[in-house]
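Below are the chains, spelled out letter by letter.
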Amino acid sequence: MSDDHTHVQEFFGSRAADWDSRFPDDGPAYAAAVALMGLRAGDRVLDAGCGTGRALPPLRAAVGGTGVVVAADLTPAMLEAAVRAGRDADGQLLLADVTALPLRPESLDAVFAAGLAHLPDPAGNLVELARVVRPGGTLALFHPIGRAALAARQGRQITADDLRAEHNLGPLLSGSGWDLTSYVDEDARFLALAVRRG
């Protein structure tokens, strides 16, 4: 396991128990983001870096009982928190590294990802997500607050090299097999949608 993985597990593992109570008002933002993904009944979707599984209820609602929802996270404590919250009823929880997913190529219709900034190799990781999504499938890169609001919360400034800035994210996605189709960065949410090239 790399130092990056160890750092991510330590950071989120120590915060997992009270994660949802720290951000109790994020549910509607998750639901609104999922609603914009264009999922249909029967679709197969991955929540990559699912944390406590806050996206799982709206993902399950979108794909219905015939759909498949898989939720992968690197941190056992986050998955345990998802189980305590009952969100394992909405999807299959998988202790897995999203940089090397144990999924077949083109086996999914969509990926919901809220943790791009935590990945050690964003370009390589986006290639891995493209590997498991069929051509024409959807990627949603999400955060429940926008870049400026998040930077203010963390006591920092946004810089020009911010990975999620549109001028950086578009080329990063393009070089990884995705085409950026929608970009919203406002105080209430960050949501970039992309389509898997064929």
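These numbers come from a predicted model, not from an experiment.

### Regarding the nonpolar core
Among the nonpolar cores identified, the biggest contains 26 residues, and Leu46, Val111, Leu129, Leu139 and Trp178 are the most heavily contacted of them. Where this core is concerned, the elements lending two or more residues are strand E1 (44-48), strand E2 (68-73), strand E4 (108-113), helix H6 (122-132), strand E5 (133-143), helix H8 (166-174) and strand E7 (189-196). Take this core: its biggest share by element is 4 residues, from H6. Apart from the residues lying within four places of it in its own chain, the contact partners of Val111 are Met37, Val45, Leu46, Ala48, Leu129, Val133, Thr138, Leu139 and Ala140.

### Topic: the sheet that holds strand E6 (residues 178-186)
Strand order in the open sheet formed by 7 strands is E3-E2-E1-E4-E5-E7-E6, with mixed pairing between adjacent strands. Edge positions in the open sheet fall to strand E3 (92-95) and E6, since each of these has one partner strand only. Taken over all neighbouring pairs, the strand axes of this sheet differ in orientation by 15 degrees on average, direction set aside. Across 4 bridges, E1 lies against E4 in parallel orientation. By the bridge assignment for E4, Ala48 is matched with Ala113.

### Here we look at the confidence of the model for the protein
When pLDDT is averaged across the protein, the result is 89; 87% of the residues are at 70 or more. Of all secondary-structure elements in the protein, the lowest mean pLDDT belongs to helix H1 (residues 3-13), at 59, while helix H4 (residues 56-63) reaches the highest, 98.

### A closer look at the pairing of E7
Within E7, 6 of the 8 residues are buried, which leaves it mostly tucked inside the rest of the structure. Two strands pair when backbone bridges link them, and E5 and E7 are joined in this way by 6 bridges, in the antiparallel orientation. From the neighbouring strand, Thr138 faces E7, where its bridge partner is Val195. Here E6 runs beside E7; their pairing, made up of 8 bridges, is antiparallel. Each bridged residue has a counterpart across the sheet, and for Tyr183 the counterpart in E7 is Ala192. Counting the residues that bridge the hairpin from E6 to E7 gives 2 residues.

Parameters and conventions
- Residues numbered from 1 in each chain as written.
- Predicted model: local features only at pLDDT ≥ 70, side-chain atom pairs only at ≥ 80, totals over all residues.
- Heavy atoms only, no water.
- Core = buried A, V, L, I, M, F, W, Y, C linked by side-chain atoms within 4.5 Å.
- Buried < 20%, exposed > 50% of the residue type's maximum accessible area, 1.4 Å probe, protein only.
- Helix = DSSP H or I, 4+ residues; strand = E, 2+ residues; numbered from the N terminus.
- Contact = heavy atoms within 4.5 Å.
- Pairing = 2+ DSSP bridges.
- Axes fitted to C-alpha atoms, helices over the stretch in contact; angles between N-to-C directions.
- pLDDT = per-residue confidence, 0-100.

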